[in-house]
Amino acid sequence: MNVAVKNVSFAYNGSNVVSDIDFSCASGELVALLGPNGAGKTSLLKCLNGIHHPNAGTILLDDTSLASLSAQAVARQVGYVSQHTETTPLSVFDAVLMGRKPHIRWRVSHQDTCIVDAALKRLGLASLRLRSLDQLSGGELQKVALARALVQEPHLLLLDEPISALDLKNQIELLRLVRRVVDEHRIAAVMSLHDINAALRHADRILFLKQGQCLALRAPQEITAGLLEKVYDIPVEIHCLNGSPTVVPARQ
Ligand SMILES: Nc1ncnc2c1ncn2[C@@H]1O[C@H](COP(=O)(O)OP(=O)(O)OP(=O)(O)O)[C@@H](O)[C@H]1O
């Protein structure tokens, strides 16, 4: 799927928190959203999944306006991993199965349960299959949320800080998994992150937001220390480590 965001603005109570954002994300592309707290990353992601309605601009999913699609049609195409996962007494299996809802016609099929089991295995959640969500750790919940979005088989995957509660191994594995899904299934993905180095390693392009505005949209190798200083108001250095640009705090 190709996604085109054209001059999108969004406001809470009349005050813009996303202003005139313009970018595209092609099939097979992973765009990272970076920026300080409160920059508008979550608000922009919620515009992309139809939860929020922009007060200006348009979002096109393969030339179809998102605003013209029913909630069901959006759910068939767009998967969303939110920043906060609700804990309910549902089992892990049932919670992930809910991701199949947009595709289920009359009843859950054998194929649906196979897809769910495969996602649980892929994310290392098989042993927690029957555990209640309210008995999971924050990191396990984050992986359940990704599994639910993956079984939806979306054409556009939206991820809001998907690694914030994960340990190092799980962070690396989850981002590699997202990268693989994007590459293998040629889906488009937009992911907000606070880990700049993870974005540099995994994203094709990075959109920097500050106070709701796009400061830059660049490929990882085009990012400069000056740009990061402008975004985060703190001096940094970029060094090449194992062939990848890596950001560290500037020596004082
Ligand atoms: N429901 C709301 N009503 C009013 N203002 C809100 C609401 N939700 C968020 N905001 C404000 O909108 C702005 C953008 O918030 P948003 O959550 O999109 O930022 P973010 O970049 O995702 O932040 P973070 O990195 O801290 O998660 C912030 O100033 C925030 O205080």
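Quantities reported herein were computed from a predicted structural model and do not represent experimental measurements.

**Student:** Got a sec to walk through the sheet that holds strand β9 (residues 205–210)? Specific residues and values, please.
**Tutor:** Pairing in this open sheet of six strands is mixed, and the strands run β6-β7-β8-β3-β9-β10 from one edge to the other. Strands with a single pairing partner mark the edges of an open sheet, and in this sheet they are β6 (78–81) and β10 (213–218). Across this sheet, the average inter-strand angle for adjacent strands is 15°, counted without regard to direction. Here β9 runs beside β10; their pairing, made up of five bridges, is antiparallel. Among the inter-strand pairings, Leu207 is bridged to a residue of β10, identified as Leu217. Each of β6 and β7 (156–160) is contacted by helix α5 (residues 138–151), which is oriented at about 180° to β6, the strand it contacts most.

**Student:** Outline the UniProt feature "domain: ABC transporter" (unreviewed entry) in the chain, listing residues and values.
**Tutor:** Per the UniProt record, the feature "domain: ABC transporter" (unreviewed entry) sits at residues 3–236. Regarding residues 3–236, the helix share stands at 35% and the strand share at 26%, and the terminal C-alpha atoms are separated by 32 Å.

**Student:** Please provide a residue-by-residue account of the environment of Leu159, values included.
**Tutor:** The residue Leu159 is located in strand β7 in this model. In sequence terms Leu159 and Thr42 are 117 residues apart; their C-alpha atoms lie 9.3 Å from each other. Setting aside residues no more than four positions away along its own chain, Leu159 makes contact with Val81, Val178, Ala189 and Met191.

Basis of the calculations
- Residues numbered from 1 in each chain as written.
- Predicted model: local features only at pLDDT ≥ 70, side-chain atom pairs only at ≥ 80, totals over all residues.
- Pairing = 2+ DSSP bridges.
- Helix = DSSP H or I, 4+ residues; strand = E, 2+ residues; numbered from the N terminus.
- Axes fitted to C-alpha atoms, helices over the stretch in contact; angles between N-to-C directions.
- Contact = placed C-beta atoms within 7 Å.
- UniProt positions renumbered as here; feature names shortened; annotations may be inferred.

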